Amino acid sequence: MNSESPMTATSPAGGAVIKRAPEIARATAADEDDIVRALLAASRIAYADLPGAETGGVERLIADMASRKPHDYRKLLSDGSSAIFIARVDGDVAGYIQPIYRPDRTGQLVAWHVLPEYQGHKVGSHLMRQGLEFLGDIDIYSITTVGTVAEAMHRHFGFEEVLSVPPDHDWRKTPPPMALAGLTAPQVPLILERAQRRLILEQMRAAADGSAAAGS
Ligand SMILES: CC(C)(COP(=O)(O)OP(=O)(O)OC[C@H]1O[C@@H](n2cnc3c(N)ncnc32)[C@H](O)[C@@H]1OP(=O)(O)O)[C@@H](O)C(=O)NCCC(=O)NCCS
C-alpha cells in the first residue's frame, strides 16, 4: 500500500480520466445492468491470455455469463440476500465488489470487478476497502486465477495462499464454467487474516486521510 492520492489527471491509453475518488454506495436493483457490464468487460480482459483463449474460450465464457448473470444479480439485488457495493465515477458505475459471510462466519469476496477503462486508478482499492470494512474484524477469503494481476493485487493487500487446501482440491481447479468454455484457469485460494485486515485498513484510512488533507 502507498499513500498516493486517488486523484489523477492522467490515464492509460484509452482509459478514463479520474479527477476525484470514486463514490462507494450499496447497489440497488437499478444497478443490475451496470454490474453485469463491469463483470463481462473486466472478465474479457482478465482472461485474454489464458490457455484456451486463442480458440475462443473467453468469448464462450462471456456468452455463457451474459445468459446467466443478469438473472443471478437481479435476484441478489432484489431479495437483498447479499450486499453488493458499487463505485461511481462522475455518476457512472465503474466497478463493484461483493463481500459475503460464509456459514462459519468468516468472510469472502466473491466478486471484484472494475471496467477496463477505469482500471489502474484505485477504483479497485476503494472497493476493496469497502468490502473489508463491511465484513468486520474476521478472516476474509477469496479465490482467484493463478498468475493474474488480480492475484498480485490480493497479495498486495495482504492476502496469502491457503496452504491447507490440497493441490487436488476442487477449489484449485478451473471453475466449471471456465472449463466448459475451454479455458484452463487453475485457482488459488487466499486468506486475509483478521490481524492483517486491521493493518491494511489502517494503512488505507491513513492514505485516504492524507489524500483528503492534500486536496483541502
Ligand atoms: C482486480 C480489479 C478489480 C482491480 O481494480 P483496479 O481499479 O484496476 O485496481 P486499483 O487501481 O485500485 O489497484 C489496486 C491495488 O493494486 C495495486 N497494484 C496495481 N497493479 C499491481 C500489480 N501488478 N501487482 C500488485 N499490486 C498492484 C495498486 O497499486 C493498488 O494498490 P494501492 O491502492 O495500495 O496503490 C480489476 O483489475 C479487475 O476488474 N480485474 C479483472 C477482474 C478480476 O480478475 N477480478 C478479481 C476476481 S477475484
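To be clear, the structure that these remarks concern was listed above.
To start, this report covers the structure provided alongside it. (Residues numbered from 1 in each chain as written. Predicted model: local features only at pLDDT ≥ 70, side-chain atom pairs only at ≥ 80, totals over all residues.)

### What to know about unusual backbone geometry
Then, number 1: In this structure, Arg105 takes a positive phi of about 65° despite not being glycine.
Then, number 2: Mapping Arg105 onto the fold places it in the loop between β3 (92-101) and β4 (107-114).
Then, number 3: Judged by C-beta crowding, with 9 C-beta atoms within 10 Å, Arg105 ranks as exposed.
Then, number 4: Located in the positive-phi region is Lys122, a residue other than glycine, with phi close to 75°.
Then, number 5: Along the chain, the position of Lys122 falls in the loop between β4 and α3 (123-135).
Then, number 6: Lys122 gets classed as buried once you count the C-beta atoms within 10 Å, which come to 23. (Helix = DSSP H or I, 4+ residues; strand = E, 2+ residues; numbered from the N terminus. Buried ≥ 20, exposed ≤ 12 C-beta atoms within 10 Å, placed from the backbone.)

### Observations regarding the environment of Glu160
Then, number 1: Turning to its location among the elements, Glu160 is positioned in strand β6 (residues 160-161).
Then, number 2: Judged by C-beta crowding, with 13 C-beta atoms within 10 Å, Glu160 ranks as partly exposed.
Then, number 3: Note: C-alpha distance between Glu160 and Gly120 (40 residues apart in sequence) is 22 Å.
Then, number 4: Sequence-distant contacts of Glu160, defined by excluding residues within four places in its chain, comprise Leu190 and Ile191. (Contact = placed C-beta atoms within 7 Å.)

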